Amino acid sequence: MRHSGPARWAAPLICAALICSCGPSKADSPDLIISDVSLFDSETGKVVPDQSVFIEDGVIVAIRSVSDTESAPQIIDGNDRLLIPGLIDTHIHMRHQVIATRTLSEKDWPRLAQTYLDHGVTTVAEMGQPPAWVPTLVAWQNTPVAHRPDMVLVAGSIGSTHDWDETPPPHHVLVASPDEARAQVRRYRDQGARRIKLYWKLERPELTAAIDEAAKLGVTPYGHIDNGFVNIADAIDDGLRNFEHVFTLTRSVSSPDPMIALIRQQTELRDHETLDEWTRGLTLYHDVIERTPTLRADMDLLIDRLAETRSSISTALNVLAANAGQSDVYSGFDPYPPRSEPDIRPDFVDPDYARAAFLNVMVQVRRAHEAGVMIRLGTDASNGGEAALAELQLLARSGIPIADVLRIGTINGARALNIDDRAGSIAVGRPADMVLFEQNPFADPVHFRAGVTVVKSGVVHVPATRPVEAWLAAYRAEGLAGATQWLTDNPDARLHPSDIAAAMSGYMHDGNIVAAQHMIDQLRHPATQLNGEAVEDYFSKRFMRRAAYRLLEEGELNKATQLFQLRVDLFPQDADAIYGLGDARATAGQHEAAITAYQSSLALDPDNENAVIMIERLRGLIADTE
């Protein structure tokens, strides 16, 4: 065994009771040995060198030094690398991987595994799902398997009814009274959920009733508390102890309008048009609080209150960092259409100001950690597994010690989810869910993303290439003919529609409308695994609109016109789609065709004054040329 290298970071040699096996060895016939590792003890934050982990039937049966005579069907030579418990993402949304109208099934496991397991996340907490998904998620929670992350269901989100909320998202469940709030908690408990999510739309009476009912039933509540109906301090008074997203703290310090006024003293700020722009704006609230002594004092009081009550809060850092220009791993709150970069206008807010503002988010996270708030990993956005590793790197950048960062990613989440009897630490008798780093994060935080070997339920996880990747490779190499031939050669292949939709969005963004149409055709092909959802669910009118106008502004008139036309073909009764086609025709100097489009748009939306103005303007231009 080697006794040098980055893992030898002067960690003391310890024998923690929760890690080291005692008494006679139970490793007579292990299935797997992970030998010669530096083992991270999440309970103490220490690293134990020269350890080997013995696994049988998916369970850790011994932890000790290995002798040269011991063997197993599979042995991983740890080579002195750092071994940690599997990462726990305490706040995900399956609808970031699977469209909300889809029926969940085992068909979605490969996508879930690739998103999370490939990057070391072995347990995820699903927070906010369509009610129809709850029975399936309960079943997944109760039957862990090696080839997908363990599922912890947090049922909800529960909010109050409001006149302005006429079309709530499909994952929101609304209640009209405290009695209805109690009934909804009981309904989730009866379905098998032991955790619920309470959303900011809850008014105080319903929130109080839901928390009280949960306590009576032994159900743990988690709260996304912001936007003014109830603040975090009130929720703490009502007994809530688990909160979601660091960015929600700002709304319990100040309402948005005063903060926006202060922000506009620092930089120009336009109204947001996309969720990515809204997300960038969140970082500015943290920044103005840190710059304003009275607001910073209020933030410190809130942090102290969370610490005094031993409350936990999830991170959601990378989604802020990505949209502020401080992370190269893109994450977004709206997963459709799939994309790899933020959808933010260049003049929305000064990019340099946004990057600097995010640094104050990390200052406040570090201050909360140092005060004793239980910070836990929770990505809450797309690209979850990559985002989880990026969040660990961001936490280290904030100045939090690496050992504490690893605890944030493991044991803190396990404790907050009440699963620390089976997850969050490496110990005899626990499921064998572990992550072996290729390079040591204690030596450099960039090593969080330098590669991992993942063991889930005692099985070494092998990242799989999904069929869609081979199909797309054939398409890019040989066009439609190559893709068609690939399907002929692989008749049993099934392509996940989310992957096809991602390719479709990329082609639309680039103005390759022919390829985008081919992706649409593939969504309708029997080889694509639709499961209850409609092909049309994967089309985004807003995304197509922005992409088409961007192409128009960049002078790509033909590409823009084709995309506007495709939008009309997909949404023939949408007044805005037809109006956009009119803009493209007008830009091309096709005045009669533009007038026809504007008139068709006006027939669908008689209140569209812009269409009237454009028709009159173009008729004037036509008259001037006659």
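Everything below is about the structure printed above this text.
The structure displayed is predicted, hence computed values, not measured ones. (Residues numbered from 1 in each chain as written. Predicted model: local features only at pLDDT ≥ 70, side-chain atom pairs only at ≥ 80, totals over all residues. Heavy atoms only, no water.)

**Comments concerning the packing of aromatic side chains**
According to the stated counting rule, one finds 13 aromatic pairs in the structure shown. When the ring of tryptophan 109 is compared with that of tryptophan 140, the centres are 6.0 Å apart and the planes differ by 75 degrees; the resulting orientation is edge-to-face. Of this pair, tryptophan 109 sits in helix H1 (residues 109-115) while tryptophan 140 is found in helix H2 (residues 134-142), placing the two residues 31 residues apart along the sequence. According to the relative accessible area criterion, tryptophan 109 is buried, its value standing at 11%. On the basis of an interplanar angle of 20 degrees and a centroid distance of 6.2 Å, the ring pair of tryptophan 471 and tyrosine 475 is categorised as stacked. Of this pair, tryptophan 471 and tyrosine 475 are both found in helix H14 (residues 467-489), four residues apart, which corresponds to roughly one turn of the helix. You'll find tryptophan 471 and tyrosine 475 in the same group, each marked buried. (Phe/Tyr/Trp six-rings, centres within 6.5 Å; stacked < 30°, edge-to-face > 60°. Helix = DSSP H or I, 4+ residues; strand = E, 2+ residues; numbered from the N terminus. Buried < 20%, exposed > 50% of the residue type's maximum accessible area, 1.4 Å probe, protein only.)

**Some thoughts on the pairing of strand E1 (residues 32-41)**
Two faces, one strand: in a regular strand the side chains alternate between the faces of the sheet. Among the ten residues that make up E1, ten are buried, leaving the element largely enclosed by the rest of the structure. Pairing of E1 with strand E4 (residues 74-77), which is carried by four bridges, proceeds in the parallel orientation. Residue pairing for E4: isoleucine 33 is matched across the bridge by isoleucine 75. What sits between the antiparallel neighbours E1 and strand E2 (residues 46-56) is a turn of four residues, in which glycine 45 has the positive phi angle 80 degrees. Bridge count between E1 and strand E5 (residues 82-85): two bridges; the pairing is parallel. Its bridge partner lying in E5, serine 38 is registered against leucine 82. (Pairing = 2+ DSSP bridges.)

**A short note on helix H20 (residues 591-604)**
The first and last C-alpha atoms of H20 sit 20 Å apart over 14 residues, in line with the 20 Å expected at 1.5 Å per residue. Within H20, burial applies to Ala594, Ile595, Ala597, Tyr598 and Ser601. Down the axis of H20, the buried side of the element spans an arc of 160 degrees, and every buried residue falls inside it. Seen from the open side of H20, the exposed residues pointing more than 90 degrees away from its buried face are Glu592 and Ala603. (Expected span 1.5 Å × (residues − 1). Arc of directions from axis to C-beta.)

**Digging into the pattern of salt bridges**
Taken as a whole, this structure holds 39 salt bridges when the rule is applied. Here glutamate 43 ties to arginine 415 by a salt bridge, and the two come within 2.6 Å at their closest N and O atoms. You can see glutamate 43 sitting in the loop between E1 and E2 and its partner arginine 415 sitting in helix H13 (residues 411-416), a full 372 residues away along the chain. Residue classification places glutamate 43 among the partly exposed positions, given a relative accessible area of 24%. Relative accessible area serves as the criterion here: at 30%, arginine 415 is assigned to the partly exposed category. The partner of aspartate 499 in a salt bridge is arginine 466, and the shortest N-O contact between them spans 3.3 Å. Highlighted residues: aspartate 499 in helix H15 (residues 497-510) and arginine 466 in the loop between strand E17 (459-460) and H14, separated in sequence by 33 residues. Like aspartate 499, the residue arginine 466 is buried in the burial classification. Each of Arg182, Arg186, Asp212, Glu213 and Lys216 takes part in salt bridges that share partners, so that together they form one network. (Salt bridge = Lys/Arg side-chain N within 4 Å of Asp/Glu carboxyl O.)

That is the geometry; function is a separate question.
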